[in-house]
Each structure stands twice: as structure tokens, then as C-alpha cells.
Amino acid sequence: MRAVMQGLLASLSIMAGYIPIAISFGLAAIEAGLSPGLIMLVSVVVYAGASQFVLIALLASGAGLLSAVPTVLMMNARHLFYGPALLTQLRDSQRRLPSPLLAFGLTDEVFATALSKVQHIAPAAREPWFFGLQLGAYGAWLGGTLLGTRLGDTIATAPRFVEASMTFILPALFFALLLDVGMKQWRGTLLATTLATLALLLVLPSHHALALGMLAGALYSLPGGQRCSLGST
Amino acid sequence: MLSRLDLIVLLCGLGTFLLRWLPVWHARRERQQRPPPVVLQRLLRAIGPAAITSLLVVSLWPIVTQPENGAPILAVGLALLVMVIVKRFKGGIALPTLLGAATYGGALHFLAGPI
């Protein structure tokens, strides 16, 4: 139980990023004409930020099953790599979560935060800790969505510099995580990823550039590229 | 009775869940029999830092490519600098994140005028 609470505490930085984005999602979906019930259903079952915004745009435009479902799945295909990468850090955990529970909340931000912080958690407590991390992030996402659907008008009157700050919370979170992971240790991988992602952004939609840039950076760490210790992240 | 929209949302949810769960299920099952090859271990360890970097680049892209003056880029630079300093002296994730976001909003307000 203590490890779950530690995980919840570790999710505070994700919550700070998720709440404003989920509020924006709720607001955007209401403006697109979707019912509050359907909007909550999207956040409860899909739970994948960017693809949810695309999904509501598709639903609002009358898109059918054959165009909406493949689009969302293509956007989320990068999640295929997160579980196996995370498992390399959880292998010594004594308490094992059922794999569906371990995988359900594996979003970009949860994965990135887990990878940067899990080293500081005792190996035996890692899976309960990760469960707490997921729980906090998921709760924030659902709470933010609910707020967006219920309190839209009130929130829309916030000062605009506060809105600008909100738009920077996720980049700030990713930069903080990068500083935490250790930029020196991974500099070759980071440089390769940055260059590949930038080049891909010029020609591809951002979700494809994200997945391919990530893979290109990770491939750089293979023999011939950056040497790294298997005992560190 | 499910509506067409409910069905689309449920299928998107199921598909996203399977994208996350099937590799975990497969990797756990394989690991019980034999550890993954060293090359795959190396690749999987590098996925984390590479994913964070790619997420950072993609999330900054729409900010720094705004068709305005250089204010957003300066604000981003200032915010990242503040984050490095706060991270060095205070550590953690939440405080640097929140101060970085506040610095960005404040700097943009100051540099670009009331936004």
C-alpha cells in the first residue's frame, strides 16, 4: 500500500499536465456537439490524449467506423514499444500486477515518468508503485475531462497568460523528465532522436514523426551507435 | 442499446488497450522461458530516453513554429533555462515543471504584450 501511495505522489507532475489538457478536451468535445456521456466514455476507454482530440473531430464530422478506428489506432501504435521497455525495469518486482492492469494506463507521460523515476524505487515495490502512478494520472485525466464538460464557461475566462502557461506544461514535464534521466549519459541517443524527429516533422504528421523519431533514436544505441550500460536508464 | 458513436469509441478503446497490453503479455510470457537477447535489451532501455526526447520535440514544435515574432522561441528558451536551474538546486519533477510553465506564460505575456 505504501508503494501505491508513493506512486500516487509521483503522479503529481503528470496530474499538473493532464488536468488542463483534459479540461481542454472536455471543452473542445462539448463545442463539437458531443454529449457529456459520450465525452466521458472517450476518456474512460480510449485514454490517449492526442488521439482523443482527433477522434472527437472525426465523430463531429460524421466519420464512420472504418475511418475513425484505424486513424486512432495508427496514432497510438507507438504504445506497442512502451510495455516491453517498461518490463525491463520491473523484472525484479515481487508483487506482480495482472498484465492488463500494468498495461491499461501506459500513456506517453506515464511511461516517460515511470522510466525516469522507477530506478529510485526498491525493486520489490516497483509494480505497486507503477500502479499508483497510473491511478493518479488516470484520475486526473477523468477529473479534468469532467471539469471541462461541466465548468467550461467558468474556465474559459481564465487570464490568457495562464492559458499560455498551461500550453507549456507538457513540454516542461518532458524536459524535466529528460533532465532526470540524465542528458549526458544518453547524449548520442538524444541527439539522434532530436534530429530524426525534427526531420520527420517536416514531412509527416506529428504522431508518425514521434514514433519513427523515437525508434531512430533507440536504434542509435545498438552496436555501432552509442554504448550504454545495461544497468542504467 | 449502443449507438454508432458508442461503438466507434468502444472499438477505439479496445484497440488502444490491445496495443498496450499484447506486448506486455507477450514479453512476460517469453521472459518466463528465456531472457531477451542483449541487442533487444539495449534497444528497449534506449526507448525510454528516446521517447521522452521525441515527445519533447513534438510538443515544442507547434510553439516554436508559430508564424509570429520570436517571442515564443525566447519564452521557451527562458523557461528551459529556469527549469535547468531549478532542477539543479531543488531537484524533483513537479517544481521545475510548474515553474517552467509559469515562466513561459509570464515571458510570453511580457515579450509579446498582453496575450
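This is a predicted model, so every value here is computed, not measured.

1. Brief notes about the overall build of chain A
Each helix and strand counted, chain A has 14 helices and zero strands in total. Mapped from its N terminus to its C terminus, chain A presents α and β elements in the order α-α-α-α-α-α-α-α-α-α-α-α-α-α. The C-alpha atoms of chain A give a radius of gyration of 18 Å, which matches the 17 Å a tight globule of 233 residues would have. Overall, chain A is about 50 × 45 × 40 Å in size when its C-alpha atoms are taken along their principal axes. Taken over 233 residues, chain A has a buried fraction of 53%. Here the contacts in chain A between residues at least 6 apart in sequence split such that 78% fall between residues at least 24 apart.

2. Observations regarding the interface of chain A and chain B
Facing 77 residues of chain A, the contacting portion of chain B comprises 62 residues. Among the elements that line the side of chain A that touches chain B, the one with the most residues is helix H12 (residues 169-181) of chain A, at 13 residues. Tallied by class, residues from the side of chain A that touches chain B come to 57 nonpolar, 16 polar and four charged.

3. Re the domain arrangement of chain A
Residues and elements named next belong to chain A. Along its sequence, chain A is organised into domain 1 (2-181) and domain 2 (183-233). Look at where the C-alpha atoms of domain 1 and domain 2 centre, and you get two points 23 Å apart. Every contact between the two is made by nine residues of domain 1 and, on the other side, seven residues of domain 2. With three residues, the single largest contributor to the side of domain 1 that touches domain 2 is H12.

4. Observations regarding the domain arrangement of chain B
The domains assigned to chain B are domain 1 (1-35), domain 2 (37-64) and domain 3 (66-115). With centres defined by C-alpha atoms, the gap from domain 2 of chain B to domain 3 of chain B works out at 22 Å.

5. What to know about the confidence of the model for chain B
In low-pLDDT regions, the fine details of the predicted coordinates are not to be read closely. All names here are of chain B. Put simply, chain B has an average pLDDT of 86, and 93% of its residues get 70 or more. Mean pLDDT values for the elements of chain B range from 85 in helix H2 (residues 38-64) up to 93 in helix H3 (residues 71-90). Here the complex is predicted with pTM 0.77, and the ipTM for its interfaces comes to 0.85.

6. Description of the environment of Gly37(A)
Relative to the elements of secondary structure, Gly37(A) occurs in helix H3 (residues 36-45). The class for Gly37(A) is exposed, based on 9 C-beta atoms found within 10 Å.

7. Focus on helix H14 (residues 206-220) of chain A
Counted at 1.5 Å a residue, the expected span for H14(A) with its 15 residues is 21 Å, and the 21 Å between its end C-alpha atoms agrees. All buried positions along H14(A) are accounted for by Ala209(A), Leu210(A), Ala211(A), Gly213(A), Met214(A), Leu215(A), Gly217(A), Ala218(A) and Tyr220(A). In this fold, the buried residues of H14(A) make contact with helix H13 (187-201) of chain A together with H2 of chain B.

What counts and how
Per chain, the residues get numbers from 1 upward, laid out in the order the sequence is written. Labels are handed out in written order, letters beginning with A for the chains and numbers beginning with 1 for the ligands. Selection of residues for local features in this predicted model requires a pLDDT of at least 70, selection of side-chain atom pairs for listing and counting requires 80 or more, and totals for whole chains, interfaces and linings are taken over all residues. The numbering of helices and of strands both runs from the N terminus, where a helix is a DSSP run of H or I of at least 4 residues and a strand a run of E of at least 2. Radius of gyration: C-alpha atoms only; globule rule: 2.2 Å multiplied by the number of residues to the exponent 0.38. For the exposure call, what matters is how many other C-beta atoms sit within 10 Å of a residue's own: 20 or more marks it buried, 12 or fewer exposed, and in between partly exposed, using C-beta atoms placed from the backbone. Once C-beta atoms have been placed from the backbone, residue pairs whose C-beta atoms lie within 7 Å are recorded as contacts. By the convention adopted, Pro, Cys, Tyr, Trp, Phe, Met, Ile, Leu, Val and Ala count as nonpolar, Lys, Arg, Asp and Glu as charged, and the other residues, Gly among them, as polar. Throughout, the edges of the domains are those of an automatic or database domain assignment. Known as pLDDT, the predictor's per-residue confidence is scaled from 0 to 100. Expected span of a helix, by definition, is 1.5 Å for each gap between consecutive residues, and there is one gap fewer than residues.

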